[in-house]
Amino acid sequence: IGLVAYGYGQQHYQPSPENLKNREWFEQSRFGVFIHWGVYSVLGDGEWVMNNQNISLEEYALLPKFFNPIAFNANEWAKLFKQAGAKYITFTTRHHDGFAMWDSQTSEYNIVKKSPFKRDIVKELVTACRAEGIKVMFYYSLLDWNRNDYLPAGKTGRGIAGRDSTKGDWNHYVQFMKNQLTELLTSYGQIDGIWFDGHWDKPKEDWHFKEIYELIHKLQPHCLVGNNHHLAPFEGEDFQMFERDLPGENTTGFGTSAHDVGKLPKEVCGTIAGSWGFELKDRTRKSFKEVLAYLVKAAGHGSNLLLNVGPMPNGEIQDYQQDRLKDLGQWLAIYGETIYGTQAGGIPPTDDYALTRKGNQVYLHILKAEKKELYIEKLPYRVKKVKTFIGNKEVKFSSKDNGLRLDLPASTDEADLVLTLTIE
Ligand code: FHN
């Protein structure tokens, strides 16, 4: 009966009213902060270090002993995310190494039992974010490099040193995931999404997604389910994410083709640094202009941006990553109206510009403000008036056959020159 009530009595998944409402919130929010933080951070070589450096189970088991983030202050993080203008966070409750960042009763391999820190990081973060009005989603890795019941096969490749890769107990592992998810969704109050990752390691059918998604929606009907499988949405999912790409793009090899882009709310995720988890040799830092362009182009696709920070093992977020977030926050404090609660602007973004829309106002974000003139070949609406978003100054334009030619105001230092088009 419970399942019928939650929309699973039918042949197809019917999201509950609470879920639909939450999807609306999600679509309005446009900006979240992704956090990759775990015992892997200690080694400063990204979250894949166990696999990449072929570290054995026995060796990796030493790491939690060094994870003692004395500078971690969930309230400071939450304040920073708020200042950044983020509406939600997605936190790695457990990455592929299988280490639980909460006080899990289902596995000893967790922060409270194995680290000197002994504090429930998930709990502290949830509480702090809630106090700032920031919603929380949980990243949860399907793939597990640590457990004996997990059957290592598939694309992760080499298996894990110190493990017999032919042995496992798959049903036991699936039940374990259900137990952990139940724990996560019953111990920390309202959780607004579960963000799955690691699907590629096994064939789709092995994961029991239908049962797992049903369980989540039964425990918290509003909770949005997303799965970073890089495919068109599966039944039971509530949003679709795109890694390091824009919807329908595949410049990274993780992405999707245009026909995989479904109708669910969308989210793109990317990093400020070169990698997700903390990397000491962090040499591909993105500039403010780059992260801003990602946010604006995502919005131009009708998508949220989930922008990643990789905190250090001591619990601090590096200064330059904090600066990017604060700068975004400053920008959003001025231009938020052109991003939050907007829809895609009718034509896909280019490297030069992106369009977002609210009713009969269209916001044209020009990402190369040094240009003197801009020509947009085909707009799906007629433009009546063009003004600068800041200062409300008239901008000369001419339109012909749905094309729009604009004389841009003299070059400014702005990373993004925003014009407001009033349309018919
Ligand atoms: O393997 C992970 C990776 O470490 C990271 O968590 C990203 C985030 O989108 N997802 C996986 C790769 O697709």
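As the structure is a computational prediction, the values presented were derived from the model and not from experiment.

1. Things to note about the overall build of the protein
Here is step 1 of the chain: Looking only at helices and strands, the protein features 12 helices and 16 strands.
Here is step 2 of the chain: The C-alpha atoms of the protein give a radius of gyration of 22 Å, which matches the 22 Å a tight globule of 424 residues would have.
Here is step 3 of the chain: Referenced to the eigenvectors of the C-alpha coordinate spread, the extents of the protein come out at roughly 70 × 50 × 40 Å.
Here is step 4 of the chain: For the protein, the proportion of its 424 residues judged to be buried stands at 45%.

2. Describing the site of the ligand
Here is step 1 of the chain: Around the ligand, a shell composed of Glu-47, Trp-48, Asp-197, Asn-228, Glu-243, Phe-254, Cys-269 and Trp-276 is seen.
Here is step 2 of the chain: Here the shell around the ligand is built from residues that sort into 4 nonpolar, 1 polar and 3 charged.

3. Quick look at the nonpolar core
Here is step 1 of the chain: If you look at the biggest cluster of nonpolar residues, it comprises 106 residues, and the most contacted ones within it are Ile-89, Ile-194 and Leu-295.
Here is step 2 of the chain: Two domains each put at least three residues into this core: domain 1 (2-343) and domain 2 (353-423).

4. Considerations on the environment of Asp-323
Here is step 1 of the chain: Mapped onto the elements of the fold, Asp-323 is located in helix 12 (residues 319-335).
Here is step 2 of the chain: Residue classification places Asp-323 among the exposed positions, given that 12 C-beta atoms sit within 10 Å.
Here is step 3 of the chain: When the C-alpha positions of Asp-323 and Arg-163 are compared, they lie 42 Å apart, and in sequence the two are 160 residues distant.

5. Some thoughts on the confidence of the model for the protein
Here is step 1 of the chain: Of the residues in the protein, 95% have a pLDDT of 70 or more, and the chain-wide mean is 92.
Here is step 2 of the chain: For this predicted complex, the interface score ipTM comes out at 0.99, while the overall pTM is 0.95.

6. Focus on the sheet that holds strand 1 (residues 31-35)
Here is step 1 of the chain: On the basis of which strands lie adjacent, the open sheet formed by 8 strands has the order 5-4-3-2-1-8-7-6 and parallel pairing. The open sheet has two free edges, formed respectively by strand 5 (224-227) and strand 6 (240-243), since each of these has just one partner strand. Strand after strand, the sheet turns through a mean of 25 degrees between neighbouring axes, direction not considered.
Here is step 2 of the chain: Alignment of strand 6 against strand 7 (residues 266-271), held across 4 bridges, turns out to be parallel.

7. Description of the environment of Met-177
Here is step 1 of the chain: Considering the arrangement of structural elements, one finds Met-177 in helix 9 (residues 170-187).
Here is step 2 of the chain: Met-177 gets classed as buried once you count the C-beta atoms within 10 Å, which come to 22.
Here is step 3 of the chain: Considering only alpha carbons, one finds Met-177 and Trp-195, 18 residues apart in sequence, at a separation of 13 Å.

8. Focus: the pairing of strand 14 (residues 397-400)
Here is step 1 of the chain: Here 4 bridges tie strand 14 to strand 15 (residues 403-407), and the two strands are oriented antiparallel to one another. If you follow Phe-397 over to strand 15, its bridge partner there is Leu-406.
Here is step 2 of the chain: Here strand 14 folds back onto strand 15 in antiparallel fashion, the turn holding 2 residues, of which Asp-401 has a positive phi close to 45 degrees.

9. Some details on the sheet that holds strand 11 (residues 361-366)
Here is step 1 of the chain: The 5 strands lie next to each other as 9-10-11-16-13, forming an open sheet whose pairing is antiparallel. Only two strands of the sheet have a single neighbouring strand rather than two, namely strand 9 (343-344) and strand 13 (383-388).
Here is step 2 of the chain: Note that strand 10 (residues 353-358) and strand 11 share 6 bridges and pair antiparallel. Among the inter-strand pairings, Leu-355 is bridged to a residue of strand 11, identified as Leu-364.
Here is step 3 of the chain: Across the sheet, helix 11 (residues 288-300) touches strand 9, strand 10 and strand 11, and the angle it forms with strand 10 is around 50 degrees.

10. Topic: helix 11
Given 3.6 residues per turn, any residue in an α-helix points the same way as the ones three and four places further on.
Here is step 1 of the chain: With 13 residues, helix 11 ought to run about 18 Å at 1.5 Å a step, and its terminal C-alpha atoms sit 18 Å apart, in line with that.
Here is step 2 of the chain: Among the 13 residues of helix 11, 10 are classified as buried, and the element is accordingly described as predominantly covered.
Here is step 3 of the chain: Of the residues flanking the end of helix 11, it is Gly-302, one or two places downstream, whose phi is positive at about 70 degrees.

11. Remarks on the domain arrangement of the protein
Here is step 1 of the chain: Considered domain by domain, the protein is made up of domain 1 (2-343) and domain 2 (353-423).
Here is step 2 of the chain: A C-alpha centroid distance of 36 Å is found between domain 1 and domain 2.
Here is step 3 of the chain: Counting residues at the interface gives 14 residues for domain 1, matched by 12 residues for domain 2.
Here is step 4 of the chain: Tallying contributions element by element places helix 11 first for the side of domain 1 that touches domain 2, with 8 residues.
Here is step 5 of the chain: A per-class count over the side of domain 1 that touches domain 2 returns 7 nonpolar, 5 polar and 2 charged.

12. Details of unusual backbone geometry
Here is step 1 of the chain: If you check the backbone angles, Arg-30 has positive phi at about 60 degrees while not being a glycine.
Here is step 2 of the chain: Checked against the element boundaries, Arg-30 lands in the loop between helix 2 (17-29) and strand 1.
Here is step 3 of the chain: Of note in this structure, Asn-402 is not a glycine but carries a positive phi near 65 degrees.

13. Notes on the packing of helix 6 (residues 74-83) against helix 8 (residues 121-131)
Here is step 1 of the chain: Packing of helix 6 against helix 8 brings their axes to within 8 Å, and their N-to-C directions diverge by 45 degrees. In this view, helix 6 runs oblique relative to helix 8, as classed from their interaxial angle. Helix-helix and strand crossings are classified by hand; for helix 6 and helix 8 the assignment is right-handed. On helix 8, the residues that touch Ala-74, Asn-75, Trp-77 and Ala-78 of helix 6 are Glu-124, Leu-125, Thr-127, Ala-128, Cys-129 and Ala-131.
Here is step 2 of the chain: Here the residues of the contact of helix 6 with helix 8 are counted per class, giving 7 nonpolar, 2 polar and 1 charged.

Calculation notes
Residue numbers here run from 1 along each chain, matching the order of that chain's written sequence. Owing to the predicted nature of the model, reporting of local features is limited to residues with pLDDT of at least 70; listing and counting of side-chain atom pairs is limited to 80 or more, with chain, interface and lining totals taken over all residues. Working definition: helices are DSSP H or I runs of at least four residues, strands are E runs of at least two. Numbering for both runs from the N terminus. Radius of gyration: C-alpha atoms only; globule rule: 2.2 Å multiplied by the number of residues to the exponent 0.38. Three exposure classes are used. Buried residues have 20 or more other C-beta atoms within 10 Å of their own C-beta, exposed residues have 12 or fewer, and partly exposed residues fall in between, all C-beta atoms being placed from the backbone. Nearness here is judged by the C-beta atom: place it from the backbone, and if it falls within 6 Å of a molecule or strand, the residue counts as near that partner. Three classes are used, and their members are as follows: Ala, Val, Leu, Ile, Met, Phe, Trp, Tyr, Cys and Pro are nonpolar, Asp, Glu, Lys and Arg are charged, and the others, Gly among them, are polar. We define the nonpolar core as any set of buried residues of the types Ala, Val, Leu, Ile, Met, Phe, Trp, Tyr and Cys, connected via C-beta atoms lying within 7 Å of each other. Residue ranges assigned to the domains are those given by an automatic or database domain assignment. A score from 0 to 100, pLDDT tells how confident the predictor is in each residue. One requirement defines pairing of two strands: DSSP has to find at least two bridges between them. Note on geometry: axes are lines fitted to C-alpha atoms, helical ones only across the stretch in contact, with angles between N-to-C directions running from 0 to 180 degrees. Contact between two residues is assigned when their C-beta atoms, built from the backbone, lie within 7 Å. By this rule, a helix spans an expected 1.5 Å times one less than how many residues it contains. Just so you know how the angles are binned, under 35 degrees is roughly parallel, over 145 roughly antiparallel, 65 to 115 roughly perpendicular, and the rest oblique. Crossing chirality is assigned from the near helix's rotation relative to the far helix, an anticlockwise turn below a right angle marking it left-handed and a clockwise turn marking it right-handed.

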